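What follows is each chain in one-letter form.
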Amino acid sequence: MVERSSSGGSGAVGAENEDFEAVLSGVGPRLRAIRQQRGTTLAQLSEETGISVSMLSRLESGGRRPTLELLLPLARAHGVALDELVDAPPTGDPRVRLRPFVRHGWTYLPLARNLGGMQAYKMIVPPGSREGAEQRTHEGHEWLYVLSGQLRLRLGEHDVVLKAGEAAEFDTRTPHVFTNAGSTPVEFLSLFGPQGERVHVRARTTGKQS
């Protein structure tokens, strides 16, 4: 007769519980990072999900244990997969499968998963969107590249219209606002560094200079 020790089993269960708690403890900071990355306030998120502001605040601070009933509407609101909120292990597929989301009529298509550094989006702005919107400021640095249509950029005292193939780069502490300057949707790429990261373009020559 072979005797089985209960100590090994309990140790494995304890380790699994520790891993589970570690995953749960990381959900709150991840929720906050995703929300801040998208420039959404707790009040806006509460209105979109039906979850109270106090509950959202407790979730982000770790004071409320995340549940499936809370995470599902948050995943839908942020346009991310549920496993991204809980930091599920990667499956080996390198392709980015983040879903687009809509804010105030604008469509945002995330192009990267990076929540802490440079953020990349493709944006689609319908005609007449946010006309008369006020300029705003925030920490960071932004780079834009227009793919199609016409994008109006009011930056401080400057008021310019960017067309397909044109780019702009600026410190977001300067008052700014984007609007659609044409009669068709405008599509553009946006790279944003929340800590003020700038875009560095490197060019390599193919021949020797005389």
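Residues numbered from 1 in each chain as written. Predicted model: local features only at pLDDT ≥ 70, side-chain atom pairs only at ≥ 80, totals over all residues. Heavy atoms only, no water.

A. Spotlight on the pairing of strand E6 (residues 158-163). Strand direction decides the pairing type here: strand E5 (residues 150-155) and E6, joined by six bridges, are antiparallel. Note on E6: the bridge partner recorded for Leu-155 is His-158. Here E5 folds back onto E6, and the loop between the two strands holds two residues, one of which, Gly-156, carries a positive phi near 60°. (Pairing = 2+ DSSP bridges. Helix = DSSP H or I, 4+ residues; strand = E, 2+ residues; numbered from the N terminus.)

B. Fine view of the packing of aromatic side chains. The tally for this structure, following the rule as stated, stands at seven aromatic pairs. Ring geometry for Tyr-108 against Tyr-121: centres 6.0 Å apart, planes inclined by 85°, an arrangement best described as edge-to-face. Taken as a pair, Tyr-108 in strand E2 (residues 106-110) and Tyr-121 in strand E3 (residues 119-125) lie far apart in primary sequence, 13 residues in all. A single burial state applies to Tyr-108 and to Tyr-121, both of which are buried. (Phe/Tyr/Trp six-rings, centres within 6.5 Å; stacked < 30°, edge-to-face > 60°. Buried < 20%, exposed > 50% of the residue type's maximum accessible area, 1.4 Å probe, protein only.)

C. Structural detail: helix H4 (residues 68-78). When H4 is considered as a whole, its buried residues turn out to be Leu-70, Leu-71, Pro-73, Leu-74, Ala-75, Ala-77 and His-78. Within two residues after H4, Gly-79 carries a phi angle of roughly 70°, on the positive side.

D. Summary view of the side chain of Arg-35. Counting through the fold element by element, Arg-35 comes out in helix H1 (residues 6-37). Polar side-chain contacts of Arg-35 include one of 3.0 Å to the backbone oxygen of Thr-40. A polar atom in the side chain of Arg-35 sits 2.7 Å from the side chain of Glu-60. When near neighbours in sequence (up to four residues on either side) are disregarded, Arg-35 contacts Thr-40, Thr-41, Leu-42, Leu-45, Glu-60 and His-78. (Polar contact = N/O pair within 3.5 Å; in protein donor to acceptor, adjacent residues only side chain to side chain. Contact = heavy atoms within 4.5 Å.)

E. Representation of the sheet that holds E3 within the structure. Spatially, six strands are ordered E1-E2-E3-E9-E4-E7 in an open sheet, and the strand pairing comes out antiparallel. Looking at the sheet topology across the chains shown, the edges are occupied by strand E1 (101-103) and strand E7 (167-171). Averaged over neighbouring strand pairs, the angle between their axes works out to 25° when direction is ignored. Taken together, the seven bridges between E3 and strand E9 (residues 186-193) define a ladder with antiparallel strand orientation. If you follow Ile-124 over to E9, its bridge partner there is Glu-187. (Axes fitted to C-alpha atoms, helices over the stretch in contact; angles between N-to-C directions.)

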